[in-house]
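# Secondary and tertiary structure notes
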Amino acid sequence: MLCRGTDSTCLRTYDEIPSFLQGNPCIRSGYRVELRTKLSCLKSLFWLSNETVNVWSHLVAFLYFVVASIWVNCVVIPDTLSTWWDHFIFTFYLTCFQISMLFSACFHLFNCCGSESYKWWLRVDLVGVTLGLCGCYIPGVYYAFHCHEHIQMSYIGTVCLLVLLCSTAQLHPLFLSHRWHWKRLVLYSAVSLFGIIPFIHWITTVSFAVSILQLFYPKVLILYLLGSIGALFYATRFPEKFFPGHVDLFGASHQWWHILTALALVWWHLAAVELFLYRVTTSCPMTEKHV
Ligand SMILES: [Zn+2]
């Protein structure tokens, strides 16, 4: 047992923790337990536990998106021939990203407060995942189909429907259980992979010679690459599965999942800014086919 002198700063091993925290037997130590109040959980923000990287990775990303939102709305957009819709789109998806990162950090910070707290914050975390996915779709669909309003609105409607379906699935009593670990991954992966459909559709609406395709195409590929590598860590529980107990504090699969998802959202935000700048400086009919 890793212990720091007093009960409140004790870290426990997997065999000593309550069952609601026993999600990954390959993480052998570094568990925070017996933190009965929100304040004591909050103080554990400054401990080195197996949740430290999980909490801080998404807390830093949350702060990044707060700053990004101010910067985009106060500096980038006013500098161009934009509309209030541009402010709305950027504010909407950056708020989704902020909520997603903050909810995730909160889950990992407060999950040791008791089984009810664990369940409540896991639900909050999953709401954040759904919003994060929704936030990814909105700028991509809006700016990619900027010149095709009907298609744009159809896909935005479809994304809203997917968000609704995800939220409904979360009402299932087993949705939060450790047993549904895989089912949750499959559901969120399916929602992510749906994005390939508007992407292929968009490719058919622009000429391969058009610079927007050359600009946007690699960005989508890298987004999916980061997300896929993250999901692979999450699903396989590599490296702790092969080195149980050796990556408890640093290098566990969930930590890689967090870092890669945060990087994917940062990457997508930077791509959205580039796409927006392209759209406000390039007129539609001259560069794209009519659909
Ligand atoms: Zn997490």
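Above this text you will find the structure in question.
Residues numbered from 1 in each chain as written. Predicted model: local features only at pLDDT ≥ 70, side-chain atom pairs only at ≥ 80, totals over all residues.

Take the overall build of the protein chain next. When its secondary structure is counted, the protein chain shows 10 helices and 2 strands. Listing every helix and strand of the protein chain by position from the N terminus yields β-β-α-α-α-α-α-α-α-α-α-α. Here the protein chain holds 291 residues, and 35% of them are scored as buried. In the protein chain, the proportion of contacts linking residues at least 24 apart, taken out of those at least 6 apart, comes to 67%. (Helix = DSSP H or I, 4+ residues; strand = E, 2+ residues; numbered from the N terminus. Buried ≥ 20, exposed ≤ 12 C-beta atoms within 10 Å, placed from the backbone. Contact = placed C-beta atoms within 7 Å.)

Their axes nearest at 8 Å, the elements helix α8 (residues 211–236) and helix α9 (residues 253–281) cross at an angle of 165 degrees. When the axis of α8 is compared with that of α9, the two are roughly antiparallel. Crossing angle aside, the handedness with which α8 passes α9 is left-handed. Residue composition of the contact of α8 with α9, by class: 19 nonpolar, 6 polar and 2 charged. (Axes fitted to C-alpha atoms, helices over the stretch in contact; angles between N-to-C directions. Parallel < 35°, antiparallel > 145°, perpendicular 65-115°, else oblique. Left-handed = near helix turned anticlockwise from the far one by under 90°. Nonpolar A, V, L, I, M, F, W, Y, C, P; charged D, E, K, R; others polar.)

Tracing the chain through its elements places Ile-203 in helix α7 (residues 196–205). Under the C-beta neighbour-count criterion, Ile-203 is labelled partly exposed, with 15 such atoms within 10 Å. Separated by 14 residues in sequence, Ile-203 and Tyr-217 have C-alpha atoms that sit 8.7 Å apart.

Turning next to the nonpolar core. Most often, soluble globular proteins keep nonpolar side chains buried together rather than apart. Membership of the largest hydrophobic core comes to 60 residues, with the highest contact counts inside it found for Ile-138 and Val-141. Secondary-structure elements contributing two or more residues to this core are α2 (52–76), α3 (84–110), α4 (115–144), α5 (149–169), α6 (181–193), α8 and α9. Residues Leu-11, Ile-27, Val-247 and Ala-252 belong to the second largest nonpolar core, which totals 6 residues. (Core = buried A, V, L, I, M, F, W, Y, C linked by C-beta atoms within 7 Å.)

What follows deals with unusual backbone geometry. In the segment running from Phe-238 into Pro-239, the intervening peptide bond is cis, with an omega of 15 degrees. Structurally, the position occupied by Pro-239 is in the loop between α8 and α9. Positioned with a positive phi, Arg-237 is a non-glycine residue whose angle comes to about 55 degrees. Examined against the element boundaries, Arg-237 turns out to sit in the loop between α8 and α9.

A few words on the environment of Ile-156. You can see Ile-156 is positioned in helix α5. In the structure, Ile-156 is positioned 24 residues away from Gly-132 in sequence and 15 Å away in space, judged by C-alpha atoms. Discounting residues that sit within four places of it in the chain, Ile-156 has contacts with Ile-138 and Val-141.

Time to look at the packing of α4 against α9. Closest axis-to-axis distance for the α4/α9 pair is 9 Å, and the angle between their directions is 20 degrees. Of the possible angle classes, the one that applies to α4 and α9 is roughly parallel. In this structure, α4 crosses over α9, and the sense of that crossing is left-handed. For the pair α4 and α9, contact is made by Gly-132, Cys-136, Pro-139 and Tyr-143 and by Leu-265, Trp-268, Ala-272, Leu-275, Phe-276 and Arg-279, respectively. Considering only residue class, the contact of α4 with α9 consists of 8 nonpolar, 1 polar and 1 charged.

The next point concerns α8. When the terminal C-alpha atoms of α8 are compared, their 38 Å separation across 26 residues agrees well with the 38 Å that a helix rising 1.5 Å per residue should span. Residues of α8 that are buried include every one of Ile-212, Phe-216, Leu-223, Leu-226, Gly-227, Gly-230, Phe-233 and Tyr-234, and no others. Of the surrounding elements, those touching the buried residues of α8 are α4, α6 and α9. (Expected span 1.5 Å × (residues − 1).)

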